[in-house]
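Overview (structure and organization)
Below are the chains, spelled out letter by letter.
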Amino acid sequence: MNHDSYDNAYIAGILNSVKTIAMVGASANDVRPSYFVLKYLLAKGFEVFPINPGHAGKEILGRTVYGSLAEIAQPIDMVDIFRASAAVAGVVDQVLKLDPLPKVIWMQLGVRNDEAAARAEAAGIKVVMNRCPKIEYGKLSGEIGWTGVNSGVLSSKKPLMRSGFQSFGVRQK
């Protein structure tokens, strides 16, 4: 897999297939990017589990915060990593101990660890690095164009509705 460039169909396939997301490094601080992404994904109908050992047992946006991935009692489709690149290997170690394994490991903007990605892919997990699911969802759904940003995606097709506030689903090719 070329992690320098992702096909829109690859990203759309991921965003259309996941329902549950564990966000490692979620912040209760409402000016942090992880807070915005958590709020956005919840509004789009995803079930998001914040992971932050320093806030375990508390709540962020009405969601109980967990201290680790292993504490979540249900299967997770995607693990979204909001940690430094050096911390990714440890997160992947935790992910590989889960049963069942998640479908996707997603590393946020500026986060990349090729060795950890190779281990995850060897276990059959899709990997996205240096991307934000909030931005990719907005781009692929056409939502980001509402603010005048050129998403690079043109379509005359009516948006596909998905549950959530002003949610227009992500198109697949």
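The structure this text deals with has already been given above.
Residues numbered from 1 in each chain as written. Predicted model: local features only at pLDDT ≥ 70, side-chain atom pairs only at ≥ 80, totals over all residues. Heavy atoms only, no water.

All of the buried residues along helix H3 (residues 88-96) are Val 88, Val 91, Val 92 and Val 95. Around the axis of H3, the buried residues are gathered within 100° of arc, so they sit on the same side. (Buried < 20%, exposed > 50% of the residue type's maximum accessible area, 1.4 Å probe, protein only. Helix = DSSP H or I, 4+ residues; strand = E, 2+ residues; numbered from the N terminus. Arc of directions from axis to C-beta.)

Moving on, we get to the packing of aromatic side chains. Counted under the stated rule, the structure contains four aromatic pairs. Here the aromatic rings of Tyr 6 and Tyr 10 are separated by 5.8 Å at their centres, their planes lie at 10°, and the arrangement is stacked. The two residues Tyr 6 and Tyr 10 agree in class, both being buried. The structure contains a cluster of three or more aromatic residues connected by ring pairs, namely Tyr 40, Phe 46 and Tyr 137. Cation over ring: Arg 63 sits above Phe 49, and NZ or CZ is 5.2 Å from the ring centre. In this structure, Lys 134 is placed above the aromatic ring of Tyr 40, and the distance from its NZ or CZ to the ring centre is 5.0 Å. (Phe/Tyr/Trp six-rings, centres within 6.5 Å; stacked < 30°, edge-to-face > 60°. Lys NZ or Arg CZ within 6 Å of the ring centre and 35° of its normal.)

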